[in-house]
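Report on the structure
Read off the chains here:
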Amino acid sequence: MTQSPTTEYEVIVVGGGHAGCEAAWVSAQMGLKTLLITLTIHGIALMPCNPAIGGPGKGQVVREIDALGGLMAQVTDQSTIHLRRVNTGKGPAVQTLRAQTMRDLYSLKMRERLENNSNLSLFQGEVEEILLDSARKVKGVRVQYGTTFWGKAVVLAIGTFLNGVIRLGSLSFPAGRHGEFPAQKIGHSLEKIGLKLGKLNTCTSPRLDRRTIDFSQMEEQPSEEKPLCFSFEGTPRVYQGASIFITRTTQKTCQIIKRNLDRSPLLYPVSDSSPVRECPSLEDKVCRFPDRESHPIFLEPEGPNSNEIYCQGVFTSLPEEVQWQIIHSIPGLEKTHIMRPGYGIEYNFVFPNQLKPTLECQTVTGLFLAGQINGTSGYEEAAGQGVLAGINAGRYVQNLPPLVLRRDQSYIGVMVDDLITKGVEEPYRLRTGKVEYRLMIRHSNADLRLTEVGYHLGIVPHSRYQKVVEKREGIEKEISRLKQTTLAPTSDLNQLLREKGTTPINEVTTLYTILSRPQVSYYDLQAFDPFRPFLPPQVIEEVEIEIKYRGYIERQKREVEEFLQLESKKIPPNLDFYRLKGISREAQERLAKARPTTLGQASRVQGVTPSDLVVLSILLERKNLPLNQE
Amino acid sequence: MGEIQDPASQQGIDQALVVVMRAPRSYTREDVVEFQFHGGVLLAQKIVELCLREGARLAHPGEFTQRAFLNGRIDLTQAEAVAEIVGARSQRALELAHRNLKGNLRDKIKSWQKTLLAIEASIQAQCDFLHSEEMANDYLAELQSLYREMEAEVKKSEKLRPFQQGATVAIVGKPNTGKSSLLNQVAGREKAIVTSFPGTTRDAIEESLIYQGTPLRLIDTAGLRESQEEVEWLGIEKTKKIIHESDFILALLDQSQPLSAEDWQLLELIQNRPHFLVLNKIDLPPKIELSSLKRTFPEEEFQRISALSGEGVEALLDKLVLKVRNIFSFEGEAYLLTLRQQAEIKKTLRLIEEAWQSQKEGLTLDVLGLLIEEALKTLMRLTGESWDKRLLESIFSQFCLGK
């Protein structure tokens, strides 16, 4: 077979969802000739669930994507209609942003960015087979109807399309997203190259017609009055006119659901081990909390050009006929018209313990997996993996060492480590609670943490890196100024302190010491600090956090040191866990499956007991470790 | 059942019972062979030497238990209980350690873990699920009650220390009142099982013994002041310290001499500490003025002994043991905690305290969540559920015997 030069690429990305878009973008930005293959070009970067980006755990990832040079934050800023800070008052470790966006605009803006990248080409088609050479190295993909594309690395980001089946009551039919074809052949290709697949399911909510909703009795949640933006490069703006409205299910809703429970095809088994389940359907909620009389419903706008309203809280796979009854049992929705019913979808995913921390398959060189195919849920989680997979596909082609993000560096690092060591039993969702060092890795300092990484990878331009260097210097300079500037215990100052609910001072005190009190803000002290330099609000925010939470941040730094010690103990990649004496059979199996690369990672593998780890750590110090012959 | 023979000389050594325990039905879950033979240290030594000569090696301290732990036969609290049983010095300590082995302590800790887990889960639900309606519970009240329960448990367990290590009984008195004679007299009693452990105080002589099932550590303060002249006040300082740190004081007075200024000084020091006034040398004619003593110590019951002849010493010990048991008695159940367990629980307590302090000071919910998470990790470590290599090393190096 002869190949024309146009079918040869360095990186091929399969899938045009949130993971695929980011992967293709960063790879192209790194200077690699990149091809993005998607089933439908008009479906690029679609949001099949909420038209919202961010929220706890997710907003942090969006900021990390931005710092690394990905697109999600910038495109969100271009399509936002409503933006809110969330978890304000609960502290910097959990505080972040959540945006309502215009679904179609997000998709369009993303497409615009991708189409205008000179290193990137788009192709519409269905990939049917991953092509490997005799050394199990990726060499390209074969697309339906005859075209073959050759590529040195492939990023697979095909989301819920892998053998997707929509379930709606007793109905079921193959689909990728509602109204789209699934990818069926590639599943066989993956199994053929030896990857183990599992099955997951998830639900989405009905979309309602705005004109048929009575908002008058509902609580309104307007957009923030303060200018805000997601991207570190963005211009903060105030958004008006698109509020979220809150209503509640009634006892009648519960009765309808209980009556029809046997018609829900995707009811999760009731779990008593975990107090919080990540993303339950309304049927699940009703079953697991039978005493609760009602559940909140959030009506989210989809933009001024659309009458569609997303009905957050009614995730369901019940038959359409029941969905009408459910909606009409909710106050304000008695006469509401459903534009698009909710549905459940069942899809295959690849057990992520078959991946390396770089998101490359352990057994296939050059094949990277990102997004829902790895068992995650959420646009942000997918996009975060897309960035990492795109970077590492690029690094592999460039023959340079891969990027591994650690748990103490980023939310993306926590997610990937969780996926590859702990595995997936239900769609994985990021939360702040999963991030041990969350006081150190914050929404507010993602740029300080990761811009440098993006710059050295060649994704982030020097000008942007320079800004971060200046921001860091600005923070340090201001902290040391506050340490040196003192205030006398004047009656004005003490009156302020008393008003703020804290004790007055009775001797000369540094601004730093006063600011370390939780009740006193930087802005409160304006009048007492006449030589204060002009500083951007982002710098002031960091200064305040560093001062107020210093003790706790220091504590986390010490924990990180201990963590890094275990992470630094490497496990040989071809270690034969089955031949390690003194380790339980179960642990041997689990370790052989997860193939941890460090002792620290081994310690997080489920089913591996403390005693197994003691033995492992002792054995690792020996010279004659049993290795697999390959 | 058979005869143990020395393969070199073909000589029979002893009739013995040999028990073979096949894996996994043994203490370590490995194949184990046990020899049971007639008593006697010499015979035991000889058979062990024979085994060593034939290629066996002695177990490292704690090795059997370590293997049992590594093979998943017992968990960490149980492993520590074994260490306690091996080291148990009194009947009471043995019983308590046995209870831990059966898992009572673990159940208690699990219930604390459960409380903290519930609080942490609730905090995380509030921070991570915008659409959840998890209300801010009264964490402070919950934390306070958990704190009180854990603290009470630590305090009760501290009361058990004498059963573990022996109650410290200081013998004080000016020179030549017969402190050393009394110590020797006690050590020589047939009823007292004397074990020699190195003393903790370098300047004092210490004798450990178990009397009527109660372990005692008798400290003779002799030699504290006699050697150098200008050290007199120093001697008093040290005596003061010992008096303060001891669980009980035996104050010796030489009843064949009139009371001196030094005697009075000493009596003042012990006034607020549990003590007996012991009048020694009752074999000599009395010269002490009891009336003035009785004015200072109106309730006092004087113990009369002759440390030389031994007269009254047994009666003194009987009363001493009763007193010591009284001091350390407590209501209800208590768990015997090792120093490590105590340290971990105390660390958890500090974190809980810090957690509620942070809320009082107005710090944010995220900090509360992080502190509770750390407290939880500390408690998890106690049952060995999270891993810390150093911790395991320190536990297993604590054993002073194989198994």
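Refer to the structure above for everything that follows.
Residues numbered from 1 in each chain as written. Chains lettered and ligands numbered in written order. Predicted model: local features only at pLDDT ≥ 70, side-chain atom pairs only at ≥ 80, totals over all residues. Heavy atoms only, no water.

**Considerations on the overall build of chain A**
- Check the secondary structure of chain A and you find 19 helices and 22 strands.
- Rg of the C-alpha trace for chain A: 26 Å, near the compact-globule value of 25 Å for 630 residues, within the 12% margin.
- Expressed as lengths along the three principal axes of its C-alpha atoms, the size of chain A is roughly 85 × 70 × 55 Å.
- Of the roughly 26200 Å² of accessible surface on chain A, 50% is carried by carbon and sulfur atoms.
- Averaging the locations of the 76 positively and 71 negatively charged side chains of chain A gives two centres separated by 3 Å. (Helix = DSSP H or I, 4+ residues; strand = E, 2+ residues; numbered from the N terminus. Rg over C-alpha atoms; globule rule 2.2 N^0.38 Å. Areas by Shrake-Rupley, 256 points an atom, 1.4 Å probe, with all protein chains shown as cover. Lys, Arg positive; Asp, Glu negative; His and termini not counted. Charge placed at Lys NZ, Arg CZ, Asp CG, Glu CD.)

**Focus on the packing of aromatic side chains**
Residue and element names in this part refer to chain A.
- Under the criterion given, the structure shown has 10 aromatic pairs over all chains.
- Centre to centre, the rings of Phe123 and Phe149 are 4.9 Å apart; their planes meet at 70°, and the pair counts as edge-to-face. Here the residue Phe123 occupies a position in strand E6 (residues 120-124), and Phe149 occupies one in strand E9 (residues 148-156), the gap between them amounting to 26 residues.
- Phe149 sits in the buried class, given a relative accessible area of 4%.
- Three or more aromatic residues link up through ring pairs in this structure, and these residues are Tyr9, Phe123 and Phe149.
- The ring of Phe232 is capped by Arg63, whose NZ or CZ atom sits 3.9 Å from the centre of that ring.
- Over the face of the ring belonging to Tyr522 we find Arg532, whose NZ or CZ atom lies 3.7 Å from the ring centre. (Phe/Tyr/Trp six-rings, centres within 6.5 Å; stacked < 30°, edge-to-face > 60°. Buried < 20%, exposed > 50% of the residue type's maximum accessible area, 1.4 Å probe, protein only. Lys NZ or Arg CZ within 6 Å of the ring centre and 35° of its normal.)

**What about the side chain of His275 of chain B?**
Residue and element names in this part refer to chain B.
- Looking at the element boundaries, His275 is found in strand E9 (residues 275-280).
- At 3.2 Å, the side chain of His275 forms a polar contact with the backbone oxygen of Ile270.
- Here the side chain of His275 touches Arg273 through a polar contact of 2.7 Å, landing on its backbone oxygen.
- Apart from residues no more than four positions distant in its own chain, His275 is found in contact with Phe248, Ile249, Ile270, Phe297 and Glu300. (Polar contact = N/O pair within 3.5 Å; in protein donor to acceptor, adjacent residues only side chain to side chain. Contact = heavy atoms within 4.5 Å.)

**Describing empty space enclosed by the protein**
All names here are of chain B.
- Considering all chains together, one arrives at six cavities of 30 Å³ or more under this definition.
- In this model, the second largest cavity occupies a volume close to 100 Å³.
- It is helix H14 (residues 365-382) that contributes the most residues to the lining of the second largest cavity, five residues altogether.
- Looking at the lining of the second largest cavity residue by residue, the classes come out as four nonpolar, one polar and six charged. (1 Å grid on protein atoms, 1.4 Å probe; cavity = no way out; pocket = protein on both sides within 12 Å on 5 of 7 lines; lining within 4 Å. Points joined across faces, edges and corners; volume = space filled by probe spheres on them. Nonpolar A, V, L, I, M, F, W, Y, C, P; charged D, E, K, R; others polar.)

**Notes on the pairing of strand E10 (residues 165-168) of chain A**
All names here are of chain A.
- Because side chains alternate across E10, one face comprises the buried residues Ile166 and Leu168, and the other comprises Val165 and Arg167, none of which is buried.
- Relative to strand E11 (residues 171-174), E10 runs antiparallel, the two being bridged by four bridges. Looking at E11, one finds that Val165 is bridged to Pro174.
- Once E10 ends, the chain turns through two residues before running back antiparallel as E11, passing Gly169 with a positive phi of about 60°.
- Sheet topology note: the E10/strand E19 (residues 344-350) ladder contains three bridges and is antiparallel. Following the sheet pairing, Ile166 is matched in E19 by Ile345. (Pairing = 2+ DSSP bridges.)

**Observations regarding the sheet that holds strand E1 (residues 2-6) of chain B**
Residues and elements named next belong to chain B.
- If you walk across this open sheet you meet the three strands as E1-E2-E3, and the pairing is antiparallel. In the strand order of this sheet, the two ends are held by E1 and strand E3 (32-37), each with one partner. Adjacent strand axes in the sheet meet at a mean angle of 50° when their direction is disregarded.
- By the bridge criterion, six bridges tie strand E2 (residues 11-21) to E3 in an arrangement that is antiparallel. Residue Ala16 lies in a different strand from E3, and its bridge partner there is Phe37. (Axes fitted to C-alpha atoms, helices over the stretch in contact; angles between N-to-C directions.)

**A few points about the interface of chain B and chain A**
- Counting residues at the interface gives 34 residues for chain B, matched by 49 residues for chain A.
- Carbon and sulfur atoms make up 57% of the area that chain B and chain A hide from each other, which totals about 3500 Å².
- Our enumeration of links across chain B and chain A arrives at five salt bridges.
- For the salt bridge of Arg438 of chain A with Glu373 of chain B, the shortest nitrogen-to-oxygen distance reads 2.9 Å.
- In this structure, the connection of chain B to chain A is made through 15 residue pairs in polar contact (both at pLDDT 80 or more).
- Only helix H2 (63-70), helix H5 (104-128), helix H13 (339-360), H14 and helix H15 (389-396) of chain B provide two or more residues apiece to the side of chain B that touches chain A.
- By residue class, the composition of the side of chain B that touches chain A is 15 nonpolar, eight polar and 11 charged. (Buried area = accessible area lost by both parts, 1.4 Å probe. Salt bridge = Lys/Arg side-chain N within 4 Å of Asp/Glu carboxyl O.)

**Digging into helix H11 (residues 446-456) of chain A**
- Of all the positions in H11 of chain A, only Ala446, Asp447, Leu448, Arg449, Leu450, Thr451 and Gly454 of chain A are classed as buried.
- Positive backbone phi, at 90°, marks Gly458 of chain A, one or two positions downstream of H11 of chain A.

**Description of the pattern of salt bridges**
All names here are of chain A.
- One pass over the full model with this rule turns up 45 salt bridges over all chains.
- Of the charged contacts in the structure, one is a salt bridge between Asp417 and Arg604, with a shortest N-O distance of 2.5 Å. One end of the pair, Asp417, is in helix H10 (residues 411-422); the other, Arg604, is in the loop between helix H18 (599-603) and helix H19 (610-620), and 187 residues separate them in sequence. Arg604 carries the same exposure label as Asp417, and that label is buried.
- As a salt-bridge pair, Asp524 and Lys500 come within 3.4 Å of each other at their nearest N and O atoms.

**Here's the deal with a nonpolar patch on the surface**
Residue and element names in this part refer to chain B.
- Among the surface-exposed residues, Val18, Val20, Val33 and Phe35 lie close enough to one another that they form a single nonpolar patch of about 330 Å² accessible area.
- Within the residue set of the nonpolar patch, elements represented by two or more residues are E2 and E3.
- Checked against the element boundaries, Val18 lands in strand E2. (Patch = residues over 30% accessible without salt bridge, like charges linked within 9 Å, V, L, I, M, F, W, Y side chains within 5 Å.)

**Concerning unusual backbone geometry**
Residues and elements named next belong to chain B.
- Put simply, Ala23 and Pro24 share a cis peptide bond, and its omega is 0°.
- Looking at the element boundaries, Pro24 is found in the loop between E2 and E3.
- Backbone geometry places Gln10, a non-glycine residue, at a positive phi of 60°.
- Mapped onto the elements of the fold, Gln10 is located in the loop between E1 and E2.
- By relative accessible area, which is 56% here, Gln10 ends up exposed.

**So, the sheet that holds strand E3 (residues 52-54) of chain A**
Residues and elements named next belong to chain A.
- The strand order E3-E5-E4 describes an open sheet built from three strands, whose pairing is antiparallel. Looking along the sheet, the strands with just one partner apiece sit at the ends: E3 and strand E4 (80-86). For this sheet the average axis-to-axis angle between neighbouring strands, irrespective of direction, equals 20°.

**A word on the pairing of strand E17 (residues 308-312) of chain A**
Residue and element names in this part refer to chain A.
- Buried residues dominate E17, accounting for five of its five residues.
- Taking every second residue as pointing to the same face, both faces of E17 are buried, with Glu308, Tyr310 and Gln312 on one and Ile309 and Cys311 on the other.
- By the bridge criterion, three bridges tie strand E13 (residues 207-209) to E17 in an arrangement that is antiparallel. Within E17, the residue paired with Arg207 across the bridge is Tyr310.
- As paired strands, strand E16 (residues 296-301) and E17 are joined by four bridges and run antiparallel to one another. Following the sheet pairing, Glu300 is matched in E17 by Tyr310.
- Between E16 and E17, which follow one another and run antiparallel, lie six residues, and Gly303 among them has a positive phi close to 125°.

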